[in-house]
Each structure stands twice: as structure tokens, then as C-alpha cells.
Amino acid sequence: MAPATTVFDERLPNLPKDVRAPITSYTPSMWADAFTSFSLDDKVQKKYAEAIQELKQQVRSMLMTKGSTTIEKLILIDTLERLGVGYHFEQEIEYELREIFFSKSQDKDQLDNYDLFATALQFRLLRQHHYSVSCNVFNKFKNDDSKFEETLTSDAKGLLSLYEAANVRIHGEDVLEDAVAFTTRHLNRMVQELEPVLQCQVKRALEQPVHRGVARLEARHYISFYERNESKNEILLKLAKLDFNYLQNIYKKELHDLSRWWNELDLISKLPYARDRLVESYFWGTTFHFQPQHSYARIAVTKSVLMLTIMDDTYDNYATLEEADLFTEILEKWDINEIDRLPDYMKIIYKFILDLYEDYEVEAAKQGKLFALPYAKEAVKQIAKAYNRHTQWFLGGQMPTYEEYLVNTVVTSCIYVFVTVGIPGLKSASKESIDWLMSEPNKALIASTRVCRHADDIGSDERESRGGNIPTAVDCYAKQYGVSKEETVDKFNELFENAWKDFNTEWSTEISTISKDMMEQLLNYARAAEVNYRNGRDAYANPQKIAGQIAAVFMDPIVI
């Protein structure tokens, strides 16, 4: 490996325990009072709901129609899921895919005759629904030199389908590794020559593969593509539009209520060093739980993101090392009688956290989910310890090994807090599902956090270094392995892709009903991380980078 280009030891601050590090200033909220004046029109919502119910019956009949070919069923299922309405037909979709999976060995002749588009579509859908399917189905598209046939290079729809399928790959699938490079090269080459609708689809896929995208955001994009498709089904399109607007109205109402709550708390004026990111926090909440019935879980995740943002910015951007130690100690006690030992600004944070979890306890008791309370509190205590450990390392002159840093980030990823806070609002959540989440090693959970960590470490490096004065994860890795910053970034991008393959390995096998909902949350966490941090975005700290996408989901209705 190339020698390090910088001696990073010289940058370790080794601050005295009672001295603050340089404070980062963040941009204020860009949404101001965008949602405070919203008023939900119940009559409009009722009309939407009635129309949706009627259209759902028609679509359900399409799904269960006898005589449809396998590829017709696959296209219908894919269209429903891409339009964002697949959640209405989960049982019917699972039935059809199960039938396809268990009959495919009997239909080998039919499978052999599938073109690239159909082969890749079936592979992706089955794998996305936890069926273990072999990538060997793509070998028929390779020549004697194990290269993809040149005849495929003009098949844009087939290449796009293969590209999307390759993004559910796992380790050791060389044919799909080749497919990523092959499809990316040829799609980029031909994209400007494609007809407008397909061109837009290809551009979107190259920017954001569907398996790794946020569901509501991808639905918004796909509705606009599908609307311009000459072979569109008007019933599916109308259902998708109505459903999107119906959900968006729910989101606007929740953002209205959250905005009033957040403004009344007025924490940012009292803690001006912290990021004010209510709407961005809610974006994470809807990524975890977008369905209408999951309002409590969605709001709970939002509030937890706000709480963790304040905690993170306190440890990372304001507290002295001495104060960080004290806050960690007091939070471990979880006792309001200890509050007077804290500095005044920390009293505000401590009370905020305890109040949130008092509300949590009330709701958990109401929903018969009190078993989750100890796990939820412990998750907050553990993340405080992990934040403090990070602070002591990087501000206290104790740079860890990269491996020690990575272990700590499983906790600082916030995943334990995010998943436990929503449990009172999830009927399927049980003690067994939490025990599964907490089991060690939970390979799916670790992989999901690695997706976030490797993308975030690249995206936030410049901000966290505070003008080069504070060492970062990039510095930590570069110092330990004697490589340049550029080589480290390349390595983190490789580790990011490997983390997705690790997660896909766990995802693409049959899972129990106990772990199913938890697995979906882990996938959605990785998706939120990709959208916020991929390609150096650091969008939570700099929300203007995804402001248009947030507005598309929460603010701009679709014309019907």
C-alpha cells in the first residue's frame, strides 16, 4: 500500500477536560413554518379512501386472474410495487410469487426461453421477497469467453432490468459483478439516444437502484414515468396517484402536529449549537414506516432522530470532555433527581429525554408492549456511552484502531434506538422479535449499520474535521493502514458495496415471521442512509442537497 501522505497524530487535540472544541455552525431549518398552517380536509380524505377501496378490488381481480402468463404476473407485481401500492396486496403478491418459485423447476423450458428482461425481473422480484434463487440463470447470456453477448448491448430494457437485478447481488456472484459493470457502461453509452420515458427511467436507476431507494420517493418517480408510458394501465395509475396523495395528506397532518410540538419545546433557541432538522427527521420516520396505519411508529422515530441529533451535537460539537463524562454517568442512572448535577444546558436535554420516554411508557402500557421499555431505555444509555467514547477518542487524544471505531459505530448508528421506539405502534412486534434484534452477532443489523457508516464517513469527513483540526474516521483508517485520503475513500466505497452484499445475503433467504418486520426496518434504515449520505451528500447536515426530494414526498401533490 502507498505510504500515508499526512501524519495525523499531530492533529489529535488532546483537549483539557474543561475546554470546548471548535464549534461547527449549521444552517437553520429551511422549512420554517411550511407545515404549521396545514389543515387536513376530512372530506377529501374520505373521497380518496373510498376511491382507493374501489380500485383495490379491481386490481385484486387482475392479480388473481387465471390464464395470465408468468411474465405478465411478474410485470403486474413489479408495476404495483414500483407505483408504491404493493402494500395493499401483500398476501396476493406473496401467493403469486410462491407459486412462481415452486413451479419454476417444472417450467425449465419456459425459463430457458425468457429474454434478458424477463429473466432479470423474475430473479430480482423473487430475491427481494426472500426467495433463494441462483444467479446461474444469467449464464445463458454469456459467450464462450464468459463475457456478456454483444447482442445485448442494444437491448436497453433488458440491460436496465439486469442492472436492477444486479443490485440485489451477494458475495461470490461473479456474473452479477460483471453485470453491474456491463450494464452501467452500456446504459451510460446509450442513455441520450433512448426515447424520453425510458431515458428518464435509466437515468434514475443509474442514480438510485430501486432495491436501495426510499419507497415513497421511488414511487413518486415511477408514477411520473408510468404516466407517460403508452401501454400504461389507467386503473393502476389512478390508484397510485390517489394513494400517493392520500398518504401525503397524512404526512402533512403529522408534520403539522410535530411542528407545533417542536416549536413549543423551542430547544434550538436554548441549544443553538444543535442542528434544527424536524422535516429531515420525519423523512427518516417515513422511510422506516410509510404505511398509513403506522403513524405512531413514524412519529416516534422522528422524535428519536431529533433527540439523537441533540445528543450527538452535544457530545460532538459543544460539551467539554468533563461534561460529556458527567452526562453519560447521569443518563445511566435515569433519575430526574440527579438533574441538578448537570450544567444548565444539559438539564434541558436530560429532561427532554426522560419526558419522551415517560410518554413512551404510557403508550407501551396502553398497547400491551411494556416488555419493550427496558430495551428502549437501554438503547439510549448505550448510545450515550458510545457517543462519549467517540468524543474521548477524537477530542481527547486517544485515536482508536479502525476496528475499535467500527465496533462502536454499531451503537452510534442509532439503529437500536430507531427500532425500539416504534414498537408500541407495531402490532406484530413481540419480545421474541426484540430478542432476535439484540442477538449477537446479528449479521443483518451489522450489515445495515455498515451501509450507513461507510457512506456517512465519506460524506461527513469535511464537516467533522472542522477545517482539518479534528481527526475523523477517514484519518483513523488512513493512519492505521498507511494510505492516502483518496485511497481511504476508495476503500470505504468498496466496503459500502460489500455491506450491501452482506445485507442482501441475510435478506435473500427465507425469514421467520418473528424477524420479518425487523428485517424490513433494517433494510429501510440502509435505504435512508444511502439516500442521505451516498456520493458525499451529508444531506442531514446539509439538507438542501435533498430538499427537492423531500418536497416531492411531503409537499407537492400529484395532479389527478
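Reading the values: the criteria
- Residues numbered from 1 in each chain as written.
- Predicted model: local features only at pLDDT ≥ 70, side-chain atom pairs only at ≥ 80, totals over all residues.
- Heavy atoms only, no water.
- Helix = DSSP H or I, 4+ residues; strand = E, 2+ residues; numbered from the N terminus.
- Rg over C-alpha atoms; globule rule 2.2 N^0.38 Å.
- Buried < 20%, exposed > 50% of the residue type's maximum accessible area, 1.4 Å probe, protein only.
- Contact = heavy atoms within 4.5 Å.
- Lys, Arg positive; Asp, Glu negative; His and termini not counted.
- Charge placed at Lys NZ, Arg CZ, Asp CG, Glu CD.
- Salt bridge = Lys/Arg side-chain N within 4 Å of Asp/Glu carboxyl O.
- Polar contact = N/O pair within 3.5 Å; in protein donor to acceptor, adjacent residues only side chain to side chain.
- Core = buried A, V, L, I, M, F, W, Y, C linked by side-chain atoms within 4.5 Å.
- Axes fitted to C-alpha atoms, helices over the stretch in contact; angles between N-to-C directions.
- Left-handed = near helix turned anticlockwise from the far one by under 90°.
- Nonpolar A, V, L, I, M, F, W, Y, C, P; charged D, E, K, R; others polar.
- 1 Å grid on protein atoms, 1.4 Å probe; cavity = no way out; pocket = protein on both sides within 12 Å on 5 of 7 lines; lining within 4 Å.
- Points joined across faces, edges and corners; volume = space filled by probe spheres on them.
- UniProt positions renumbered as here; feature names shortened; annotations may be inferred.
- Phe/Tyr/Trp six-rings, centres within 6.5 Å; stacked < 30°, edge-to-face > 60°.

J.: It is not clear to me how the overall build of the protein chain should be interpreted in this structure. Could you clarify?
T.: Scanning the protein chain for helices and strands turns up 25 helices and zero strands. By the compact-globule yardstick of 24 Å for 560 residues, the protein chain fits well, its C-alpha radius of gyration being 25 Å. In terms of overall dimensions, the protein chain has a C-alpha envelope of 75 × 65 × 45 Å along the principal axes. Out of the 560 residues in the protein chain, the part that is buried amounts to 56%. Intrachain contacts of the protein chain at a sequence separation of at least 6 include 76% that bridge at least 24 residues. In the protein chain, 66 positive and 86 negative side-chain charges are present, and the distance between their average locations comes to 3 Å.

J.: Quick question: what am I supposed to make of the pattern of salt bridges here?
T.: Oppositely charged side chains may form a pair once their charged atoms are brought near each other. Tallied over the entire structure, the rule returns 35 salt bridges. Because the salt bridges share partners, they merge into one network encompassing Arg169, Glu177, Arg212, Glu497, Lys501, Glu530 and Arg534.

J.: How do you make sense of the environment of aspartate 475 when you look at a structure like this?
T.: Considering the arrangement of structural elements, one finds aspartate 475 in helix H22 (residues 473–481). Along the backbone, aspartate 475 and valine 410 are 65 residues apart, and their C-alpha atoms lie at a distance of 19 Å. A polar side-chain atom of aspartate 475 sits 3.0 Å from the main-chain amide nitrogen of threonine 472.

J.: In this structure, what is going on with the nonpolar core? I would like to understand it.
T.: For soluble globular proteins, the rule of thumb is that nonpolar side chains tend to be buried together. Residues Trp284, Met307, Met311, Leu331, Ile353, Tyr357 and Phe554 are the most contacted members of the largest nonpolar core, which totals 102 residues. Among the elements that line this core, the one with the most residues is helix H15 (residues 344–366), at 11 residues. Apart from the residues within four sequence positions on either side, leucine 331 is in contact with Met311, Tyr350, Ile353, Leu354, Val380, Lys381 and Ala384. Judged by nonpolar contacts, the second largest core, of 60 residues, contains Tyr48, Ile52, Leu63 and Leu116.

J.: Teacher, can you tell me more about the packing of helix H1 (residues 42–63) against helix H10 (residues 234–265) here?
T.: Between two packed helices, what matters for the description is the angle formed by their axes and the separation of those axes. The geometry of H1 relative to H10 is characterised by a closest axis approach of 9 Å and an angle of 145° between their N-to-C directions. In terms of crossing hand, the pair formed by H1 and H10 is left-handed. On the side of H1, the interface is formed by Val44, Gln45, Tyr48, Ala49, Ala51, Ile52, Leu55, Lys56, Gln58, Val59 and Met62, while H10 contributes Ile235, Leu236, Lys238, Leu239, Leu242, Asp243, Asn245, Tyr246, Asn249 and Ile250. Partitioned by chemical class, the residues of the contact of H1 with H10 number 14 nonpolar, four polar and three charged.

J.: I tried to follow the layout of surface pockets on my own but got confused; where do I start?
T.: To find leftover empty space, one rolls a probe the size of a water molecule over the atoms. In this structure, the second largest pocket encloses a volume near 770 Å³. Along the walls of the second largest pocket sit 27 residues, with Ile75, Phe117, Lys157, Tyr222 and Asn229 positioned nearest its centre. When contributions to the lining of the second largest pocket are tallied by element, the ones reaching two or more residues are helix H2 (70–82), helix H5 (116–128), helix H6 (156–166), helix H8 (196–207) and helix H9 (215–227). Looking at which element gives the most residues to the lining of the second largest pocket, the answer is H2, with five residues. When the residues that make up the lining of the second largest pocket are grouped by side-chain class, the tally is 12 nonpolar, six polar and nine charged.

J.: Honestly, the packing of H2 against helix H3 (residues 90–103) in this entry has me stumped. Any pointers?
T.: With their axes 11 Å apart at the nearest point, H2 and H3 run at an angle of 145° to one another. The element H2 and its partner H3 pack so that their crossing is left-handed. From H2, Thr70, Lys73, Leu74, Ile77 and Glu81 reach across to H3, where they touch Ile93, Glu96, Leu97 and Ile100. Of the residues assigned to the contact of H2 with H3, the class counts are five nonpolar, one polar and three charged.

J.: Even after reading the chapter, I still don't get the UniProt feature "domain: Terpene synthase metal-binding" (unreviewed entry) in the protein chain, so can you show me in this structure?
T.: In the UniProt entry, the feature "domain: Terpene synthase metal-binding" (unreviewed entry) is given for residues 263–502. With 73% helix and 0% strand, the stretch residues 263–502 has end C-alpha atoms that lie 41 Å from each other.

J.: Looking at this model, I keep getting lost on the packing of aromatic side chains. Mind explaining?
T.: A ring pair, where both rings are aromatic, is described by two values, the distance of the centres and the angle of the planes. Following the criterion strictly, the structure yields 35 aromatic pairs and no others. Judged by centre distance (4.9 Å) and plane angle (85°), the rings of tyrosine 318 and tyrosine 345 are edge-to-face. Note that tyrosine 318 is positioned in the loop between helix H13 (295–317) and helix H14 (321–333) and tyrosine 345 in helix H15, a separation of 27 residues in sequence. Tyrosine 318 gets classed as partly exposed once you look at its relative accessible area, which sits at 23%. Centre to centre, the rings of phenylalanine 394 and tyrosine 405 are 6.1 Å apart; their planes meet at 90°, and the pair counts as edge-to-face. A residue pair is termed long-range when its members are at least 10 positions apart, and phenylalanine 394 in helix H16 (residues 373–395) and tyrosine 405 in helix H17 (residues 402–412) qualify at 11 residues. Residues phenylalanine 394 and tyrosine 405 agree in their burial class; the two are buried. Through a chain of ring-to-ring contacts, the aromatic side chains of Phe394, Tyr402, Tyr405, Tyr477, Tyr481 and Phe492 assemble into a single cluster.

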